[in-house]
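Residue-level structure breakdown
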Amino acid sequence: MPKALITGITGQDGSYLAELLISKNYEVFGLVRRKSQLGYGQSEHLKERVTFIDGDMTDTTSLVKAMTISSADEVYNLAANSFVASSWNAPDSAAEINAVGVTKLLEAIRFVKPEARFYQASTSEMFGLVQEIPQKETTPFYPRSPYGVAKLYGHWITKNYRESYGIFACNGILFNHESERRGAEFVTRKITLAAAAICKGRQEVLELGNLSAQRDWGHSEDYVRAMWLMLQQDEPDDYVVASGEVHTVRDFCAVAFERAGMALTWSGEGLDETGTDKAGRVRVRVNPAFFRPAEVDILFGDPSKAEQKLGWKREISFERLVERMVDHDLAAN
Ligand code: GDD
């Protein structure tokens, strides 16, 4: 029975990945940071199937222990401060967890089980002020947030341990991926929760920042399959994982509100832009408080390498992603 250690198991991707690995008969271990309230986040339902290990990405001893206890054949590093906007408020912490934490985990692997295979959750946020459209593995990086800068370090240290020590280490450069389990602060879930709440009469209006930001959105369930595939290859490598489609935040709102039974009409420009329902009520408006100090205007990935070399293909379309999220939020609230 192969053994896997997942950091970040309480999050969206960690929970879908744990489900995938359990379905493939892995013994799954998950690193969990102790908080004042005990809980396993999105993996609560997997409590009986996963062995949780107390640990912290800023604490080398706990990572060495996690490697020793699990003796993992595959290590998936999904732990991160993943909300880009808050990285301006806590830039040190972004660096400690998303950058130096990766080195700590790689060192733990190197000392305890150097033959273990390692997956690093790299990100399209590293492309930032994009140098090329669409972005692929060879596109130069230009991060635009403390989060992106820290992730770039994690990316390069992963490559470096591959080249320095021969560790089977891969970077998955994943573009935005969402789901019914997405945190409420990310724009997609903020929209689908609001569409549901407005539809049920519990909220009047949704306030957003930059409606023109463009993203390449896929479903997390599809993307965790790519993570696993990377570690099954003969050679370690880095891959872009993306849908190959781009949509604006405005587009996402339009599809989500339509699904919730409220087609929107858009008018105005910039800070005055609004989305209005059939009865003339403003349902979406812009609030500059949600703008970022430096914005990433467009992320649009080219997944050709992952499709050709890994045989990976996304199965859940943009429309289906939005529908699943809205349907879930309508049913739950
Ligand atoms: N969160 C949020 N809230 N974003 C908003 C809002 C709002 O009210 N209004 C507009 N946006 C815009 C943001 O400015 C950004 O351009 C876009 O919506 C997407 O924001 P997020 O959903 O917060 O995601 P992200 O693209 O910043 O980061 C996500 O994707 C990265 C991969 O590219 C996160 O999952 C990162 O962890 C991941 O690395």
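The structure this text deals with has already been given above.
**A short note on a nonpolar patch on the surface**
Among the surface-exposed residues, Val64, Phe111 and Val112 lie close enough to one another that they form a single nonpolar patch of about 250 Å² accessible area. In this structure, valine 64 sits in helix α2 (residues 60-70).

**Description of the site of the ligand**
Contacts to the ligand come from 25 residues, most closely from Ser82, Ser124, Tyr147, Arg292 and Glu295. Between an oxygen atom of the ligand and a side-chain N or O atom of lysine 190, the distance comes to 2.7 Å. Here the ligand, which alone exposes 710 Å², has 96% of that area covered by the protein. Broken down by class, the residue content of the shell around the ligand amounts to twelve nonpolar, six polar and seven charged.

**A word on the sheet that holds strand β3 (residues 50-54)**
The strand order β3-β2-β1-β4-β5-β6-β11 describes an open sheet built from seven strands, whose pairing is parallel. Of all the strands in the sheet, the pair left with one neighbour each is β3 and β11 (238-241). Strand-to-strand, the axes of this sheet are offset by a mean angle of 20°, without reference to chain direction. Direction of pairing for strand β1 (residues 3-7) relative to strand β4 (residues 74-77): parallel, over a ladder of four bridges. Residue pairing for β4: isoleucine 6 is matched across the bridge by tyrosine 76. Packed onto the sheet, helix α4 (residues 146-165) meets β5 (117-123), β6 (168-174) and β11 and runs at close to 150° relative to β6.

**Some details on the packing of aromatic side chains**
Evaluated as defined, the whole model comprises ten aromatic pairs. Taken together, Phe127, Phe141 and Phe175 form an aromatic cluster joined through their ring pairs. In this structure, arginine 110 is placed above the aromatic ring of tyrosine 165, and the distance from its NZ or CZ to the ring centre is 4.0 Å. The side chain of arginine 181 reaches across the aromatic face of tyrosine 16, ending 4.0 Å from its centre.

**Comments concerning the environment of isoleucine 69**
Mapping isoleucine 69 onto the fold places it in helix α2. Remark: the alpha-carbon pair of isoleucine 69 and isoleucine 53, spanning 16 residues in sequence, is separated by 8.3 Å. When sequence neighbours within four positions are dropped, the list of residues in contact with isoleucine 69 reads Phe29 and Ile53.

Basis of the calculations
Residues numbered from 1 in each chain as written. Predicted model: local features only at pLDDT ≥ 70, side-chain atom pairs only at ≥ 80, totals over all residues. Heavy atoms only, no water. Patch = residues over 30% accessible without salt bridge, like charges linked within 9 Å, V, L, I, M, F, W, Y side chains within 5 Å. Areas by Shrake-Rupley, 256 points an atom, 1.4 Å probe, with all protein chains shown as cover. Salt bridge = Lys/Arg side-chain N within 4 Å of Asp/Glu carboxyl O. Helix = DSSP H or I, 4+ residues; strand = E, 2+ residues; numbered from the N terminus. Near = heavy atom within 4 Å. Polar contact = N/O pair within 3.5 Å; in protein donor to acceptor, adjacent residues only side chain to side chain. Nonpolar A, V, L, I, M, F, W, Y, C, P; charged D, E, K, R; others polar. Pairing = 2+ DSSP bridges. Axes fitted to C-alpha atoms, helices over the stretch in contact; angles between N-to-C directions. Contact = heavy atoms within 4.5 Å. Phe/Tyr/Trp six-rings, centres within 6.5 Å; stacked < 30°, edge-to-face > 60°. Lys NZ or Arg CZ within 6 Å of the ring centre and 35° of its normal.

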